[in-house]
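The lines below spell out each chain.
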Amino acid sequence: SLPAKLINGGIAGLIGVTCVFPIDLAKTRLQNQQNGQRMYTSMSDCLIKTIRSEGYFGMYRGAAVNLTLVTPEKAIKLAANDFFRHHLSKDGKKLTLLREMLAGCGAGTCQVIVTTPMEMLKIQLQDAGRIAAQKKLMAAQAQLSSSSAVGAAEPAVETRTTAMQITKELLRSKGIAGLYKGLGATLLRDVPFSIVYFPLFANLNKLGQKDPNVKAPFYVSFLSGCVAGSTAAVAVNPCDVIKTRLQSLQRGVNEDTYSGILDCTKKIWQKEGPMAFLKGAYCRALVIAPLFGIAQVVYFIGIAEFLLDMLPKHRA
């Protein structure tokens, strides 16, 4: 049933985000830093410096946004894929690869309704620590190089903003369109991701089914979700880099601004080289693999069905 699908997707999203959010924060910061302004050399370096400067909970900046919106986002993605697969199948026959890809395309298109504002707010909160640390470093270097340290200004203290403050400001200044900045880039990432992910997962999961009418064991669904998720994540990472850059409202010192997808792609290619489009790729793979592995296990075990079945018994 649709309620069960929505509940399963929501539970899966909450568990997955809680487990992998620090890696996602490192991915965002690695993707946003540009040549000449590098604060971090790797994922582990980013996480260590984040803990030192912002504390343990600094790794979870922006997590509240994700935890709030990941339930409808994952629910829409998984339920939409099932919906399109059902309506594209002919008399219950096996879907062709093309129809599986079309179903994934439909799921990816539907989810951006929630994904775009969620990613928009999350990126601002995740990247704020990097920009603040960069400004402090630049101020410290300026003080050291100054011939007279007397009367030198103290480095500015970071003023932490909340997702609600950012939302209110965007709605006030740009209306609802402010929350959907980077919508085109989000579609460019999420639609190909779903086109790759869902058919790949479905076919990998079938390999573990002894009987077509019986669900695959949970470990098969988990491994299939991990493999399909990480493969799709790396495949669309260039689009994710572009999306992250476009959705960042604040920039570090001397960092480029972009007017659109083509302008962003051109500047990254010319100034940072083609390898810049793979920034954070291994982080993204590490985020997506367990996230979708957990999602598929919860979804296919059917926790929601168990809970919904218990309700009539409880009332009785």
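Parameters at a glance
- Residues numbered from 1 in each chain as written.
- Predicted model: local features only at pLDDT ≥ 70, side-chain atom pairs only at ≥ 80, totals over all residues.
- Heavy atoms only, no water.
- UniProt positions renumbered as here; feature names shortened; annotations may be inferred.
- Core = buried A, V, L, I, M, F, W, Y, C linked by side-chain atoms within 4.5 Å.
- Buried < 20%, exposed > 50% of the residue type's maximum accessible area, 1.4 Å probe, protein only.
- Helix = DSSP H or I, 4+ residues; strand = E, 2+ residues; numbered from the N terminus.
- Contact = heavy atoms within 4.5 Å.
- Polar contact = N/O pair within 3.5 Å; in protein donor to acceptor, adjacent residues only side chain to side chain.
- Expected span 1.5 Å × (residues − 1).
- Bend = angle between axes of the 7 residues up to and from the residue.
- Phe/Tyr/Trp six-rings, centres within 6.5 Å; stacked < 30°, edge-to-face > 60°.
- 1 Å grid on protein atoms, 1.4 Å probe; cavity = no way out; pocket = protein on both sides within 12 Å on 5 of 7 lines; lining within 4 Å.
- Points joined across faces, edges and corners; volume = space filled by probe spheres on them.
- Nonpolar A, V, L, I, M, F, W, Y, C, P; charged D, E, K, R; others polar.
- Salt bridge = Lys/Arg side-chain N within 4 Å of Asp/Glu carboxyl O.

Looking at an unreviewed UniProt entry, one finds the protein chain named Mitochondrial glutamate carrier 1, with Thalassarche chlororhynchos as its source organism. Under the UniProt heading Subcellular location (unreviewed entry), the entry covering the protein chain gives this text: "Mitochondrion inner membrane".

### Quick notes on the nonpolar core
Met43, Phe193, Tyr197, Ile288, Leu291 and Phe292 are the most contacted members of the largest nonpolar core, which has 30 residues in total. Breaking this core down by element, the ones donating at least two residues are α1 (2–32), α2 (43–54), α3 (63–88), α6 (183–207), α7 (218–235) and α10 (281–301). If you tally residues by element for this core, the top one is α1, at 6 residues. What Leu291 contacts, discounting residues up to four positions off in sequence, is Gly13, Gly16, Val17, Val20 and Lys74.

### Focus on the side chain of Glu255
Residue position: Glu255 is located in the loop between α8 (237–247) and α9 (261–272). We classify Glu255 as buried; its relative accessible area is 9%. Within polar-contact distance, the side chain of Glu255 engages the side chain of Arg130 at 2.9 Å.

### Focus: α3
Residues separated by three or four positions in an α-helix point in the same direction, a consequence of the helix having 3.6 residues per turn. With 26 residues, α3 should reach 38 Å at 1.5 Å per residue; the first-to-last C-alpha distance of 36 Å fits that figure. Leu69 marks where α3 bends most, by close to 45°; the proline Pro72 follows one to four residues later.

### Brief notes about the packing of aromatic side chains
Each aromatic ring pair is described using two quantities: the centre-to-centre distance and the angle formed by the ring planes. All told, the structure shown has 8 aromatic pairs when counted by the stated rule. Arranged with centres 6.1 Å apart and planes meeting at 45°, the rings of Tyr56 and Tyr60 form a pair that is tilted. Overall, the relative accessible area of 23% leaves Tyr60 in the partly exposed class. Summarising the aromatic geometry, the rings of Tyr197 and Phe201 are spaced 6.0 Å apart at their centres and angled 15° between planes, so their arrangement reads as stacked. Here Phe201 and Tyr197 lie together in helix α6, a separation of 4 residues that amounts to about one turn. As far as the burial class goes, Tyr197 and Phe201 line up, both buried. Ring pairing ties together the aromatic residues Phe21, Tyr56, Phe57 and Tyr60, which thus form one cluster.

### Focus: empty space enclosed by the protein
Applying the stated criterion across every chain yields a total of 1 cavity of 30 Å³ or more. Counted as a void, the largest cavity has a volume near 300 Å³. Together, 23 residues line the largest cavity, and Lys74, Glu119, Arg284, Ile288 and Leu291 are the ones closest to its centre. Elements supplying a minimum of two residues to the lining of the largest cavity: α1, α3, α4 (97–145), α6 and α10. Its residues assigned to classes, the lining of the largest cavity comprises 10 nonpolar, 3 polar and 10 charged.

### Quick word on the pattern of salt bridges
What the rule picks out here adds up to 19 salt bridges. Among the salt bridges present, the one from Arg61 reaches Glu54, with a minimum N-O distance of 3.0 Å. Like Glu54, Arg61 is buried. Between Glu272 and Lys279 there is a salt bridge, and its shortest N-O distance comes to 2.9 Å. For Glu272, a relative accessible area of 14% translates into the label buried. You can call Lys279 buried: its relative accessible area is 13%.

### Considering α9
Taking 1.5 Å as the rise per residue, α9 with 12 residues should run 16 Å; its terminal C-alpha atoms sit 16 Å apart, in good agreement. Looking one or two residues past α9, Gly273 carries a phi angle of roughly 90°, positive in sign.

### Some words on the environment of Cys105
Among the secondary structure elements, Cys105 is positioned in helix α4. Judged by its relative accessible area of 26%, Cys105 falls in the partly exposed class. C-alpha of Cys105 to C-alpha of Ile195: the two residues are 90 residues apart in sequence and 5.2 Å apart in space. For Cys105, the residues in contact, after removing those within four places along its chain, are Val191 and Ile195.

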